[in-house]
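Coordinate analysis (summary)
Spelled out, the chains give:
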Amino acid sequence: MTRWGMVIDLEKCTGCQACTTACQMENARLPGEMWQDVLFYSEGEYPSGKLSWLPRPCMHCENPSCVAVCPTRATYKTEDGVVLIDWERCIGCKYCMIACPYGVRFYAEEKQKTQPDIRKVFPAKGDKVWDPPYKMPEHMQNPKWGVGIQPKNVVSKCTFCYHRVSQAPKGTVDLNPDDPKLRPYTPACVVTCAPSARYFGDLDNPSSEVRQLIATKRGTRLLDQTGNRPQVYYLAGEAPAIPETRSVRSGRKA
Amino acid sequence: MARLVFRRIEQPGREYWAGLGVLAVLAMVGLWAAHVMELEGHVVTGMTNRVVWGLPHVFAVFLIVAASGALNAASIASVFGQADYKPYARLSGLIAIALLAGGLAVLVLDLGRPDRLIVAMTRYNFASIFAWNIFLYVGFVAIVAAYLVAMMDRELGRSDRWSKPIGWLAFLWRLVLTTGTGSIFGWLVAREAYDAAVLAPLFIASSLALGTAASIPILAACGRALGEPLLADDMLSRWQRLLAIFVAATLYFTALHHLTNLYASAHHGIERFLLLEGGGITQLFWIGQVGIGGVLPLALLLLSAPTMARLNLAAIMVLVGGLAQFYVVIIGGQVYPQTLFPGMEITSSFHDGEIAPYRASFYELALGLGGAAFALLLIGIGAALLPFLPRHPAR
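Residues numbered from 1 in each chain as written. Chains lettered and ligands numbered in written order. Predicted model: local features only at pLDDT ≥ 70, side-chain atom pairs only at ≥ 80, totals over all residues.

Turning our attention to the confidence of the model for chain A. Residue and element names in this part refer to chain A. Chain-level statistics for chain A give a pLDDT mean of 89 and a share of 92% at 70 or above. Mean pLDDT per element in chain A: strand β2 (residues 37-43) is the minimum at 83, and strand β5 (residues 83-85) is the maximum at 98. Every residue in residues 245-254 scores below 50 in pLDDT, and together they form 22 contacts with partners more than four places removed in sequence or on other chains. (pLDDT = per-residue confidence, 0-100. Helix = DSSP H or I, 4+ residues; strand = E, 2+ residues; numbered from the N terminus. Contact = placed C-beta atoms within 7 Å.)

Here it is, written out as structure tokens:
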């Protein structure tokens, strides 16, 4: 069975946030509700200070805390390794948001950062949050996967674009956006990434590009000490850009 | 010891009805606030995607933890064989059920989708301590109800044959229940403020203190409604010592929690925030939790002669300290940023690396107070309907 995973090459990533925007458009997210965000962090002090960045989608962990704590099994892991939220079963207790070490979960009824409140500009009927002018076709929306226009008062997060990935031909090893046949099945952030810093494929297949990259370029995972075992790997190059993998002088007081 | 006779508030006076009226209004305002939050969402609260559990959770956890401890009098009588506490056993059962009902009402109404409660009651994930707590809370109500029946039924209540074993079960169950509530936080590795097994015994100690403290003003109010005090002088000093022991135990486990955290350098950041640099959170910890909720009532309880007024004052201080304690644990633990990159300054559109702002809104306060009022309403109605109160003060 395929176990989907992502590799992000930090040496290629320019921090342009095209992935963030693509995700917003693909999944009709509200402004500020960025399933995929880019974190900027600084280290050192003038004149040797350095600014770095790191894209952060949901890590779709092998051993996810969010799945363990969800009282109703609304958050679950698919056979192909993707962590999803069943919007029809979520009771909005938000325990998963407390339990996620990566801070990648969102509650829909958040204060809007831009005015006017876009939910009032495009109001929805029923219990949906809003009715945006741009949205994926109805047949692709699936509340059981947490895909589509979100109901009110439930939790949401990155789905690895499961509405695309789950339709990939069986036996696909790598979802390469450069292959026109595979592009429709590839996550939006991977397709959009201008410097091609993102790779998506089967982590369990030794011949997959993601597996090879992790092996040959020292793929590392965020907060591995929590035991969550993310399925998003980062390639940090010769001088590891993920700070937890090296010793640095703290620039922060608390 | 004379045969125990129990009674109810048979002729409620004007004060009783006025009190009940105020509580009913507060409970209704809480219900309305929950409705508004349900319709509008986080927008009308102080909660954000960073601080997802707000003031309602503080009240809910406070009431649930106090509920477990409110059964102290009954446990001391049945489990530890102290017959002097038997006159208060029935009322302690009523208080325990009522406080739990109030806490659960707040918890459920604070859910994003309270309309899906049936999902929570039918689809369990046994890896989740939340799911376990559903069983623990429902089981607690059932066991305490059975305990009350065993004590109050004309036939069953004649001996300890039923009330003693059920009392033991209730005693053990409430220890597990409070462990479960503490473990909601203690088992989380994602937040530096939590992730500590000592939170479970800390919550148990808090429950003993808060439950005892909650019972004292209720006993005083019931005595007032009956026109005679329910705590005679000798019992006054025993309740006073009891509360002092539980407050001291809570202070001890609080110190243990923070000292354990300080031992691990990974937790120095959160400890510096909570104990030194957290602004309002730090003040709430030292002034509210430690001062008003711990040191001052302890001094009052240990250094002064027992009077109902002093005992009441100390109990109310402990309750205020308990609210401060859960605010520090729940809100303080969330406003402090998750550490993705230790030692780095982090910025993002998600406010990573920053202390998240949180100011509770009126709606949150109304829901929390509404839950407490609902609990007191249940106690008031229960005490008037059934004989929960002792006719003669103990001994």
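This paragraph deals with the sheet that holds strand β1 (residues 4-9) of chain A. Residue and element names in this part refer to chain A. Spatial strand order, β8-β1-β9: three strands in an open sheet with mixed pairing. On the outer flanks of this sheet lie β8 (198-202) and β9 (232-235), each paired with one strand and no other. With direction set aside, neighbouring strand axes in the sheet form an average angle of 25°. Here β1 runs beside β8; their pairing, made up of five bridges, is antiparallel. Looking at the pairing, Met6 lines up with Phe200 of β8. (Pairing = 2+ DSSP bridges. Axes fitted to C-alpha atoms, helices over the stretch in contact; angles between N-to-C directions.)

Take the pairing of β2(A) next. All names here are of chain A. Two strands pair when backbone bridges link them, and β2 and strand β3 (residues 50-56) are joined in this way by seven bridges, in the antiparallel orientation. Its bridge partner being in β3, Val38 is matched across the sheet by Pro55. The loop that links β2 with its antiparallel partner β3 comprises six residues; one of these, Gly44, has a positive phi angle of about 75°.

Since the α-helix packs 3.6 residues into each turn, any two residues three or four apart lie on the same face. With 24 residues, helix α13 (residues 362-385) of chain B extends 34 Å from end C-alpha to end C-alpha; this agrees with the ideal 34 Å at 1.5 Å per step. Most of α13(B) is tucked away, with 18 of its 24 residues classed as buried. (Expected span 1.5 Å × (residues − 1). Buried ≥ 20, exposed ≤ 12 C-beta atoms within 10 Å, placed from the backbone.)

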